[in-house]
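Report on the structure
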Amino acid sequence: MVPPMDNPHCLPSFFLPTPLFNDRHCRAHPSCRPLKMNHPILPISSPSASSAMVAASPFTANAATMLIQENHDETTRLLIDDRAVETKPFLPRASSYNSTGTAVNGSSLYQQRRRRIASDTSLPSLTMDGGCRSESAAHAASDTFLLTRLGFKLLRCLVVGYRWISRFLALGCYALLLMPGFFQVGYYYYFSSQVRRGIVYGDQPRNRLDLYLPKNSDGPKPVVAFITGGAWIIGYKAWGSLLGQQLSERDIIVACIDYRNFPQGTISDMVNDASQGVSFVCNNITEYGGDPNRIYLMGQSAGAHIAACTLLEQAIKECGEGESTSWSVSQIKAYFGLSGGYNLFNLTDHFHGRGLYRSIFLSIMEGEQSLRRYSPEVMVQDPNLKAAVAGLPPIILFHGTADYSIPPDASKSFAEALQRVGVKAESIMYEGKTHTDVFLQDPMRGGQDDMFDDLVAVIHANDPEALAKDAVAPRRKRLVPELMLKMARAVSPF
């Protein structure tokens, strides 16, 4: 039922966000005309009653009439109680309500009425803190929907067969077994005041990053720009939340950079997104307490490949004439590659055997002609790129010897190629560790974590005070029971 228009306390809730102005002002504008409200949610009155009202007294002091400009500009006008103001086209109530709006005439009676109506009709979450949480949750929900939609689109491309069905079932079981840890990490991600979610760094879809900040703010902190994995298909910035939480506990800022996945984008889009994200970190991290002279670049799995391509392409740009750049390779103290692959010629057939079919993989990599360009191991050995390669920072590659998703030889071979051309590089192998052991199971196990300790040791190498704190840091708590971790390892599709 539509509330009567002669009672200002009974206005529909969609009137609430709109400030008011005098109807005499509107009558001075012949370009305004009455708006016909055909949407069932937004009627002013019944059609017959509305027509009669407009015909008899179109601009009475106690009637609410909606008008739009004749020239169809992007604004609408709303008349309520002798006052009006221009507003943007109607938005959902939760996004258009502005708690700081004030009445034009400053009347205390109107202020009280507006506060009373707003409090009765606004959503409870629209407080300063609740609104931020609601907005963050909305972003996460939107991105989750996007990932799901892209996943189904990918399945249609793959022509789902037994191998993919079995892998998706295994992935579901794997996630279910690690759910106790995911719940705890998810709670931290959404509710911790140390996490800044969804910071926009570019103008493309998915151009957002999350920042994980240390509790203690005594001086500039080292920074890790992290690019998550996901087979170039299901990568998402929240996948780095466990690493971000644990590094921030050691006084290290982590920026988890999101990027477009296939089929929303191909490898060049992913590299461009990653480069823009790194640029944002290099140019803005001081605002969040980061040290611009201690920025590290890191990637995991497909993210390690994307990060390596990003670093090398930036070095090549800097050596080119007339190339404009927004960040410099010299700003990166070191590169960390975790379980990455760096020679696509050697990996194409391997991925095909693992279920990432050759046709799909080549589509991601923009065809066979692009395999060389996006194979860092091959590119660094090109004599024409000697000057660019000489500018690369130290490179440290971590890999488990039991990794079947990307063989450990991928890191060994890349490190050896880098050493041959004069780049400081090393590969560190973890005996018996799988693709996900070093990134998920070991951190969720708590206690000592060799890869994590090696990473922190490099970042804090020239900071005796930080090293002293690391030596007495409390042991990390266990997030998942050991039995469930072992079962997850057994069913993991990675």
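The preceding data block contains the structure.
Position labels on residues start from 1 in each chain and follow its written sequence. Thresholds applied to this predicted model are a pLDDT of at least 70 for local features of residues and 80 or more for the giving and counting of side-chain atom pairs; totals over whole chains, interfaces and linings are not thresholded and use all residues. In computing side-chain values, all of the structure's heavy atoms are included and hydrogens and water are not.

On the surface, Y187, Y190 and F191 cluster together into a nonpolar patch covering about 330 Å² of accessible area. Only DSSP runs of H or I with at least four residues qualify as helices, and only runs of E with at least two residues qualify as strands; both kinds are numbered from the N terminus onward. By secondary structure assignment, the location of Y190 is in helix α7 (residues 179-191). A residue is classified by how much of its surface remains accessible, and Y190, at 31% relative accessible area, is partly exposed. For patch building, the residue pool is restricted to those with more than 30% relative accessible area and no salt bridge; the joining distance is 9 Å between like charges and 5 Å between nonpolar side chains (Val, Leu, Ile, Met, Phe, Trp, Tyr). Accessible areas in this description were obtained via Shrake-Rupley with a 1.4 Å probe; residue shielding takes into account the shown protein chains only. Salt bridges are identified by distance alone: a Lys or Arg side-chain nitrogen within 4 Å of an Asp or Glu carboxyl oxygen. Three labels apply to residues, based on accessible area from a 1.4 Å probe with only protein chains included: buried if under 20% of the type maximum, exposed if over 50%, partly exposed otherwise in between.

For the coordinates displayed, the defined rule picks out 20 salt bridges. A salt bridge links D251 to K469; its shortest N-O distance comes to 3.9 Å. With D251 in the loop between α8 (241-248) and β8 (253-257) and K469 in helix α18 (residues 464-471), this pair connects stretches of sequence that are 218 residues apart. Classification of D251 by relative accessible area gives buried; the value is 17%. Among the salt bridges present, the one from R294 reaches D291, with a minimum N-O distance of 3.0 Å. Connected through salt bridges with shared partners, the residues K433, D442, R445, R478 and E482 form a single ionic network.

This part takes up the packing of helix α16 (residues 437-445) against helix α19 (residues 482-491). Between α16 and α19, the shortest axis-to-axis distance is 10 Å and the interhelical angle comes to 165°. Here α16 is positioned roughly antiparallel relative to α19, judged by the angle of their axes. Crossing handedness for the pair α16 and α19: right-handed. Touching D437, Q441, M444 and R445 of α16 are E482, L485 and R489, all from α19. The residue classification treats Ala, Val, Leu, Ile, Met, Phe, Trp, Tyr, Cys and Pro as nonpolar and Asp, Glu, Lys and Arg as charged. All others, Gly included, are polar. Residue composition of the contact of α16 with α19, grouped by class: 2 nonpolar, 1 polar and 4 charged. Axes, fitted as lines to C-alpha atoms, cover a helix only where it is in contact. Angles between the N-to-C directions of the axes lie from 0 to 180 degrees. Working rule for angles: under 35 degrees goes down as roughly parallel, over 145 as roughly antiparallel, 65 to 115 as roughly perpendicular, anything else as oblique. Each crossing gets its handedness from the near helix: less than a right angle anticlockwise from the far helix is left-handed, clockwise is right-handed. Contact definition: two residues touch when any of their heavy atoms are within 4.5 Å.

On to the packing of α8 against helix α17 (residues 450-459). When two helices pack together, their arrangement is given by the angle between their axes and by how far apart the axes lie. In the contact formed by α8 and α17, the axes pass within 12 Å of each other and the chain directions differ by 55°. As far as their axial angle goes, α17 and α8 are oblique. Classified by chirality, the crossing of α17 by α8 is right-handed. Of α17, the residues touching α8 (which contributes L243, Q246 and L247) are F452, L455 and V456. Among the residues making up the contact of α8 with α17, the classes are represented as 5 nonpolar, 1 polar and no charged.

A few words on the pairing of strand β6 (residues 208-212). Within β6, 4 of the 5 residues are buried, which leaves the element mostly enclosed by the surrounding structure. If DSSP finds at least two bridges between two strands, the strands pair. Across 4 bridges, the pairing between strand β5 (residues 195-200) and β6 is antiparallel. Across the sheet, the residue bridging to R196 is L211, located in β6. Two strands pair when backbone bridges link them, and β6 and β8 are joined in this way by 4 bridges, in the antiparallel orientation. Paired with Y212 across the bridge in β8 is V254.

Before going further, it helps to examine the environment of K433. Looking at the secondary structure, you find K433 in the loop between β12 (425-430) and α16. In the structure, K433 is positioned 34 residues away from H399 in sequence and 7.9 Å away in space, judged by C-alpha atoms.

With respect to the secondary-structure elements, S268 resides in helix α9 (residues 267-284). In this structure, S268 is in contact with E366 and Y374, ignoring residues within four places of it in sequence.

The next thing to look at is the pairing of strand β11 (residues 395-400). Buried residues dominate β11, accounting for 6 of its 6 residues. Of the two faces of β11, the one carrying I395, L397 and H399 and the one carrying I396, F398 and G400 are both buried. Sheet topology places strand β10 (residues 332-338) next to β11; 4 bridges connect them, and they run parallel. Its bridge partner lying in β11, F336 is registered against I396. As judged from the 6 bridges shared by β11 and β12, these two strands associate in the parallel manner. Across the sheet, I396 pairs through a bridge with E426, a residue of β12. Taking the sense of rotation as the criterion, the β-α-β connection linking β11, helix α15 (residues 409-420) and β12 turns out right-handed. Handedness of a crossover is defined as follows: with both strands directed away from the viewer, a clockwise route from the first strand across the helix to the second makes it right-handed.

Moving on to the sheet that holds strand β9 (residues 290-300). Strands sit in the order β5-β6-β8-β7-β9-β10-β11-β12 across an open sheet of 8 strands; the sheet is mixed. Among the strands making up the open sheet, the edge pair consists of β5 and β12. Averaged over all neighbouring strand pairs, the angle between strand axes comes to 20°, with direction disregarded. Sheet topology places β9 next to β10; 6 bridges connect them, and they run parallel. When the bridges of β10 are listed, M298 appears paired with F336. This element, α7, spans β5 and β6 of the sheet and lies at about 65° to β5.

Moving on to the packing of aromatic side chains. Geometry of an aromatic ring pair is reported as the spacing of the ring centres plus the angle between the planes. Ring pairs shown here join Phe, Tyr and Trp side chains whose ring centres sit within 6.5 Å, with only the six-membered ring taken for Trp; geometry is labelled stacked below 30 degrees between planes, edge-to-face above 60, and tilted in between. Under the defined criterion, the tally for this structure stands at 12 aromatic pairs. Relative to F351, the ring of W232 lies with its centre 5.7 Å away and its plane at 70°, an arrangement referred to as edge-to-face. In this pair, W232 sits in the loop between β7 (221-227) and α8 while F351 sits in helix α11 (residues 344-354), placing the two residues 119 residues apart along the sequence. Exposure class is identical for W232 and F351. Each is buried. Taking the centre distance of 5.3 Å and the plane angle of 80° together, the rings of Y236 and W239 count as edge-to-face. Of the residues examined, Y236 reaches a relative accessible area of 5% and is grouped as buried. For W239, a relative accessible area of 40% puts it in the partly exposed group. Each ring is checked for a lysine NZ or an arginine CZ that lies within 6 Å of its centre and within 35 degrees of its normal; such an atom marks a charge sitting over the ring. The ring of Y189 carries the charged tip of R197 above its face, separated from the ring centre by 6.0 Å. Cation over ring: R476 sits above F452, and NZ or CZ is 4.4 Å from the ring centre.

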